[in-house]
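As a plain string of letters, each chain reads:
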Amino acid sequence: MNDNQIVELYFQRDETAISETSEKYGGFCLGIAKNILGNSEDAEECVNDTWLKAWGSIPPARPRNLRAWLGKVVKRLALDRWRKNHAKKRGADGESTVSLDQILDELDDCVPSGENVESEMDRQELTFFLNSWLRELPEDDCVLFLKRYWNGDPVKALAEESGETVMAVTMRLYRLRVKLRKALEESGLKLG
């Protein structure tokens, strides 16, 4: 079943949408979550939460690229879970050992996002720039960059997949980051 058909099932509120999504993208989403969390149980929970998020968001959302949309959702959920799992616990005195992430998580439900129109425009401009930059890369570099920095694949797995040494993949990634940094500096984009 193609992505448009799956999205249409969501719009029809047909529960088959979830099973079709899971069948087509379950391994992809689980891979992202496992790479971030390093824990199969937490990763599987994030994937299940991704299906729930898809069910609650489609409609009104109509993702143009379902795979990328699901990848973004599972990545965000896994990062949230990782932060929660790694947040410092309150000390006996209840002071000073609370992490900033924990404080922000506590405020998240009652304080609106710090995003404003200007920062949203900056984010969109950066997204457009990155997409253009990635399209200009040779396909193998683009795939390597996305697998490492979007999916979170370990360097060792990327080396095994490509038949290169870990050092060679590490150097390719380093050169890509240098190339990106230079392109960002030349573009004049404001990065914070």
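Residues numbered from 1 in each chain as written. Predicted model: local features only at pLDDT ≥ 70, side-chain atom pairs only at ≥ 80, totals over all residues. Heavy atoms only, no water.

Caption draft 1: Structural view of the overall build of the chain. A count of helices and strands for the chain gives 9 helices and 0 strands. Shown N-terminal to C-terminal, the secondary structure of the chain runs as helices and strands in the order α-α-α-α-α-α-α-α-α. With 192 residues in all, the chain has 31% of them scored as buried. Long-range contacts, defined as pairs at least 24 residues apart, comprise 59% of the intrachain contacts of the chain with a sequence gap of at least 6. As presented, the chain carries roughly 12800 Å² of accessible surface, and 53% of it is formed by carbon and sulfur atoms. (Helix = DSSP H or I, 4+ residues; strand = E, 2+ residues; numbered from the N terminus. Buried < 20%, exposed > 50% of the residue type's maximum accessible area, 1.4 Å probe, protein only. Contact = heavy atoms within 4.5 Å. Areas by Shrake-Rupley, 256 points an atom, 1.4 Å probe, with all protein chains shown as cover.)

Caption draft 2: Main features of the nonpolar core. The biggest cluster of nonpolar side chains holds 24 residues, and the ones touching the most others in it are Tyr25, Cys29, Ile58, Leu66, Trp69, Leu70 and Val74. Mapped onto this core, the elements with two or more residues apiece are α1 (3–11), α2 (16–37), α3 (40–57) and α4 (66–86). If you tally residues by element for this core, the top one is α2, at 8 residues. Sequence-distant contacts of Ile58, defined by excluding residues within four places in its chain, comprise Val7, Tyr10, Phe11, Arg13, Pro63, Leu66 and Trp69. One finds Phe129, Leu144, Phe145 and Leu173 within the second-largest nonpolar core, a separate group that totals 16 residues. (Core = buried A, V, L, I, M, F, W, Y, C linked by side-chain atoms within 4.5 Å.)

Caption draft 3: Expanded view of the pattern of salt bridges. For the structure on display, the rule yields 10 salt bridges. For the salt bridge of Glu45 with Arg81, the shortest nitrogen-to-oxygen distance reads 3.2 Å. Of the two residues, Glu45 is situated in helix α3 and Arg81 in helix α4; the sequence distance between them amounts to 36 residues. Of the residues examined, Arg81 reaches a relative accessible area of 17% and is grouped as buried. Linking Asp141 and Arg172 is a salt bridge whose minimum nitrogen-to-oxygen distance equals 2.8 Å. With a gap of 31 residues between them, Asp141 in helix α7 (residues 139–149) and Arg172 in helix α9 (residues 166–187) connect regions that are remote in the sequence. Arg172 sits in the buried class, given a relative accessible area of 17%. Residues participating in the shared-partner salt-bridge network are Asp140, Asp141, Glu164 and Arg172. (Salt bridge = Lys/Arg side-chain N within 4 Å of Asp/Glu carboxyl O.)

Caption draft 4: Structural context of the packing of α7 against α9. In contact at an axis separation of 10 Å, α7 and α9 are set at 95° when each is read in the N-to-C sense. The angle between α7 and α9 falls in the class roughly perpendicular. Of the residues in α9, those touching α7 at Asp140, Asp141, Leu144, Phe145, Arg148 and Tyr149 are Val169, Arg172, Leu173, Leu176, Arg177 and Leu180. When its residues are assigned to classes, the contact of α7 with α9 shows 7 nonpolar, no polar and 5 charged. (Axes fitted to C-alpha atoms, helices over the stretch in contact; angles between N-to-C directions. Parallel < 35°, antiparallel > 145°, perpendicular 65-115°, else oblique. Nonpolar A, V, L, I, M, F, W, Y, C, P; charged D, E, K, R; others polar.)

Caption draft 5: Spotlight on α7. Those residues of α7 that fall on the buried side of the exposure criterion are Asp141, Cys142, Leu144 and Phe145. The arc enclosing the buried residues of α7, seen along the axis, measures out at 165°, which places them on a common side. (Arc of directions from axis to C-beta.)

Caption draft 6: Spatial organisation of the side chain of Asn151. Its place among the elements puts Asn151 in the loop between α7 and α8 (155–162). Here Asn151 falls in the buried class, since its relative accessible area comes to 13%. Sequence-distant contacts of Asn151, that is, excluding residues within four places in its chain, are made with Phe28, Ile32, Asn35 and Leu146.

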